[in-house]
Amino acid sequence: MPEPTPLPIRILATAQALPRRVVTTDELAPQLGLSAEVALKRTGVAERRWVSDGETALSLGAQAAREAVAQAGLELEQIDTLLNASGSQLQPIPDGAALLARELGLRGAATYSLHGTCLSFLLALNHAALLIASGQARHVLIISSEAGSLGLNRGQPESTLLIGDGAAAVVVGPATKPAQGIAAVRIETYPEGADSTQIRGGGSLLHPKDCVPEDLTFDMQGLKVLKLASEVVPDFLERLQTGLSRSLVGIDRVIPHQASQAGLNLMTRYGWPAERIEVTLPTLGNVIAASLPLTLHQALKGGRAKAGDTLLLVGTGAGLIAGGLILHL
């Protein structure tokens, strides 16, 4: 495979929108038959946000988008493309990007979704860079918005304790400095993991009329996912950048998908110093596709990622998909 051409882009702004309701593990664990201490040790999540009255993934996504566009110093009319990068659907048809555009009052722009479950934002960021580099767009708005709490199976404490709700939006534009942008990206799929994380019902393979309630809720076999990820990720990292499975040479900060505490712990095996890994899991949980942009937003807002830094965005998603992207800010 030929060496990829760097994609010159710049992150113009990021924003987040979180539900009002904070659900603590102290509150939730006893409902699931666990002590708070055991639940916290297993998941690493002390609290998460869940949508409540008047809040939806649509309203949260639009809220984050408006703030990001304003922070970028733009008007909505200057957005050429809106990418919906969410792991869960607002509804089957029309595409969620059209619903977000309607909510925002954005008319005439290109709008569509890129769906890679938890890695949807990573795919969308790379796609936005391709659009900008090819001259097909100048300003791209990426929205990742999740209300996964609505689809949880309370009979599976692990996922119920992990999943949080929230939204993040990122505005991307052309680079203004040499070497600014995406230096490398890699996506690999290991379909033997496809049945380990799924919602079976609702599509053409299992029509809603043929479903029982459990078919429409989230089903995760966490140990199987973790085992497969531990097997395939080290070699994947080497294909992304030589030496990455042993050190963070050339990387200033890691922005990982917040899959689970066990998933984050795997990173210590690669020789990555904990102080250079951005972690939002304890206070937000796993916010599905919004985890990556929310974690990126927190790193930028807190000054732990800044202009001139090189970031590694990395994670796994249902499928099993492994993805990594190296970004020069």
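Keep in mind that what you see is a predicted model, and the values were worked out from it rather than measured. (Residues numbered from 1 in each chain as written. Predicted model: local features only at pLDDT ≥ 70, side-chain atom pairs only at ≥ 80, totals over all residues. Heavy atoms only, no water.)

Chemist: Before we go on, may I ask you to explain the side chain of His 139 in this structure?
Modeler: Structurally, the position occupied by His 139 is in the loop between α5 (120-133) and β6 (140-146). When its relative accessible area of 12% is taken as the criterion, His 139 is described as buried. Engagement of the side chain of His 139 in a polar contact is seen with the backbone oxygen of Gln 78, the distance being 3.2 Å. In contact with His 139, other than residues within four places in its own chain, are Leu 12, Leu 74, Gln 78, Ile 79, Asp 80, Thr 81, Val 172 and Gly 173. (Helix = DSSP H or I, 4+ residues; strand = E, 2+ residues; numbered from the N terminus. Buried < 20%, exposed > 50% of the residue type's maximum accessible area, 1.4 Å probe, protein only. Polar contact = N/O pair within 3.5 Å; in protein donor to acceptor, adjacent residues only side chain to side chain. Contact = heavy atoms within 4.5 Å.)

Chemist: Even after reading the chapter, I still don't get the sheet that holds strand β13 (residues 321-328), so can you show me in this structure?
Modeler: Paired through backbone hydrogen bonds, the strands of a sheet run either parallel or antiparallel to each other. In spatial order, the strands read β8-β13-β12-β11; together these four strands make up an open sheet with mixed pairing. Strands with a single pairing partner mark the edges of an open sheet, and in this sheet they are β8 (181-189) and β11 (253-256). Each adjacent strand pair in this sheet contributes to an overall mean axis angle of 15°, direction not counted. Examined bridge by bridge, strand β12 (residues 310-317) and β13 share eight bridges and lie antiparallel to one another. Residue pairing for β13: Leu 312 is matched across the bridge by Ile 326. (Pairing = 2+ DSSP bridges. Axes fitted to C-alpha atoms, helices over the stretch in contact; angles between N-to-C directions.)

Chemist: Explain the UniProt feature "domain: Beta-ketoacyl-[acyl-carrier-protein] synthase III C-terminal" (unreviewed entry) in the protein here, please?
Modeler: As annotated in UniProt, the feature "domain: Beta-ketoacyl-[acyl-carrier-protein] synthase III C-terminal" (unreviewed entry) corresponds to residues 251-328 in the numbering used here. Secondary structure content for residues 251-328 is 27% helix and 26% strand, and the end C-alpha separation is 9 Å. (UniProt positions renumbered as here; feature names shortened; annotations may be inferred.)

Chemist: What exactly am I supposed to notice about the UniProt feature "domain: Beta-ketoacyl-[acyl-carrier-protein] synthase III N-terminal" (unreviewed entry) in the protein here?
Modeler: The UniProt record annotates "domain: Beta-ketoacyl-[acyl-carrier-protein] synthase III N-terminal" (unreviewed entry) at residues 115-190. Measuring from the first to the last C-alpha atom of residues 115-190 gives 16 Å, for a span that is 26% helix and 33% strand.

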